[in-house]
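Chain by chain, the residues:
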Amino acid sequence: MASVVVQAALVALLLPMIPAMHSDCIFKKEQATCLEKIQRANDLMGLNDSSPGCPGMWDNITCWKPAHVGEMVLVSCPDLFRIFNPDQDMRVVSRNCTEDGWSEPFPHYFDACGFDDYESEPGDQDYYYMSVKALYTVGYSTSLVTLTTAMVILCRFRKLHCTRNFIHMNLFVSFMLRAISVFIKDWILYAEQDSNHCFVSTVECKAVMVFFHYCVVSNYFWLFIEGLYLFTLLVETFFPERRYFYWYTLIGWGTPTVCVSVWAMLRLYFDDTGCWDMNDNTALWWVIKGPVVGSIMVNFVLFIGIIVILVQKLQSPDMGGNESSIYLRLARSTLLLIPLFGIHYTVFAFSPENVSKRERLVFELGLGSFQGFVVAVLYCFLNGEVQAEVKRKWRSWKVNRYFAVDFKQRHPSLASSGVNGGTQLSILSKSSSQIRMSGLPADNLAT
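Residues numbered from 1 in each chain as written. Predicted model: local features only at pLDDT ≥ 70, side-chain atom pairs only at ≥ 80, totals over all residues. Heavy atoms only, no water.

Participant: What is the right way to look at the pairing of strand E4 (residues 92-98) in this model?
Facilitator: Successive side chains on a regular strand alternate, one facing one side of the sheet and the next facing the other. Pairing analysis gives five bridges linking strand E3 (residues 72-76) to E4, with the strands arranged antiparallel. Bridge assignment links Leu74 to a residue of E4, and that residue is Ser94. Of the pairings in the sheet, the one linking E4 to strand E5 (residues 101-102) comprises two bridges and is antiparallel in character. Each bridged residue has a counterpart across the sheet, and for Thr98 the counterpart in E5 is Gly101. (Pairing = 2+ DSSP bridges. Helix = DSSP H or I, 4+ residues; strand = E, 2+ residues; numbered from the N terminus.)

Spelled out as structure tokens, the structure:
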């Protein structure tokens, strides 16, 4: 059961990819319906535990009604298999009721329905899903810590306040909100190791899902803003950055607000079931999925355009250097842009939901959770401008500290009176500058 709950949590995180209901919730609903049907059949047929024949049962995949000895029962493939394999030619599965009980299903579910996820051992599934959950938990935690540190640095130093860094800061905030929303969603919906979330329908859990979707969509749009800003910077000669920044902010935070609000209203009126963590209605889901996939693909086009511009600039005679150094700089620039633009999301953007589910979980949740960490390192901690400013402040602090200690040693009476070295140093500096300024007219007259 633990793997079922963890799998539901993982699938819910693949925002732009999975439009279907969680598999565990489908089975829960199928099981509840099956037990009701079996009870009605027993009442109609007057059967009890001691009656001959084969009792009705739920085999964790599909429902089998009560049958007499020698009777063959035919059932269709479960709905879940149809969701993951819509183009598969579904057949029926049969069981014979014998004196020893039910026979094995024929043909097997894999042969009849084309679905083999249940062939793996439960222990292997538990280990796999728990490993992925642990990986993205570490990834989002690491990203949250590094992004918070980067935000403090960019906010603390005024010389780093510019349009480019303001856009970086908004992207950092979107990554931080995404990580926080993931932790809140896991805590609210999947804290208990059961499938009760399938039947929870409270205002609180719906609000959590709305907040989660808003944070994720905002993150995608700020990745798009980063690409749009850099592309505009390269192609336009005169670029009013501050005026553009207003529109960037409006797109980055406003567009997700509109999309998620429209989706929430449609869910409320047309599909108000569960905790809104399942998406049966594909049309409604495209209200969120469409803008996200669109931003991914536009960012990919911008990425290609920027690479073309970089190739042209690096090959110009003014750049200098040999061919190997040009390609080295191009490769370095490309690798730096991939995490900033979120290009890795294009790998599975249009692939069918049933293709490479395990690989997608590892790639998008495991590795994607570290994207905030990578962006913070590349565009803050390894940024030359940031490093220079931090070093300058560090040297200034060391100099002030040195003079403060030296002043206390030379003038203990003043130090004990509450005047520190830094204050006295500033007083001396102001006094000396005033003396120099007052002496300027006399010098000029003398000459």
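Participant: Sorry if this is basic, but what is going on with the UniProt feature "transmembrane region" (unreviewed entry) in the chain here?
Facilitator: Summarizing the sequence annotation, UniProt attributes the feature "transmembrane region" (unreviewed entry) to residues 134-157, 169-190, 210-233, 245-266, 286-310, 330-350 and 362-382 in the numbering used throughout. In residues 134-157, helix accounts for 96% and strand for 0%; the two terminal C-alpha atoms are 35 Å from one another. As annotated, residues 362-382 comprises 81% helix and 0% strand, and the C-alpha atoms at either end are separated by 27 Å. (UniProt positions renumbered as here; feature names shortened; annotations may be inferred.)

Participant: I would appreciate a short explanation of helix H12 (residues 371-381) in the present structure.
Facilitator: Given 3.6 residues per helical turn, the α-helix brings residues three or four places apart onto the same face. Within the sequence span of H12, burial applies to Gln371, Gly372, Val375, Ala376, Tyr379 and Cys380. Buried positions in H12, seen along its axis, are confined to an arc of 130° and lie on one side of it. (Buried < 20%, exposed > 50% of the residue type's maximum accessible area, 1.4 Å probe, protein only. Arc of directions from axis to C-beta.)

Participant: Would you explain the nonpolar core in this entry?
Facilitator: A general trend in soluble globular proteins is that nonpolar side chains are found buried together. Ranked by size, the top nonpolar core spans 62 residues in total, and within it Leu154, Leu171, Phe172, Leu337, Phe341, Val375 and Cys380 carry the most contacts. The set of elements that each furnish at least two residues to this core consists of helix H5 (122-156), helix H6 (163-189), helix H7 (203-235), helix H8 (241-270), helix H9 (282-314), helix H10 (323-341), helix H11 (357-367) and H12. No other element matches H7, which puts 12 residues into this core. When sequence neighbours within four positions are dropped, the list of residues in contact with Val375 reads Leu171, Phe172, Phe175, Pro339, Leu340 and Cys380. With 13 residues, the next largest nonpolar core counts Ile61, Val93, Trp102 and Ala112 among its residues. (Core = buried A, V, L, I, M, F, W, Y, C linked by side-chain atoms within 4.5 Å. Contact = heavy atoms within 4.5 Å.)

Participant: What's the story with the pattern of salt bridges in this structure? I'm lost.
Facilitator: Within this structure, the stated rule accounts for six salt bridges. When the shortest N-O distance is used, the salt bridge between Asp59 and Arg95 registers 3.1 Å. Note that Asp59 is positioned in the loop between strand E1 (57-58) and strand E2 (63-64) and Arg95 in strand E4, a separation of 36 residues in sequence. Across the pair, exposure class does not vary: Asp59 and Arg95 are buried alike. Glu385 is paired through a salt bridge with Arg164; the nearest N and O atoms lie 2.6 Å apart. With Glu385 in helix H13 (residues 384-410) and Arg164 in helix H6, this pair connects stretches of sequence that are 221 residues apart. Judged by relative accessible area, which is 30%, Arg164 ranks as partly exposed. (Salt bridge = Lys/Arg side-chain N within 4 Å of Asp/Glu carboxyl O.)

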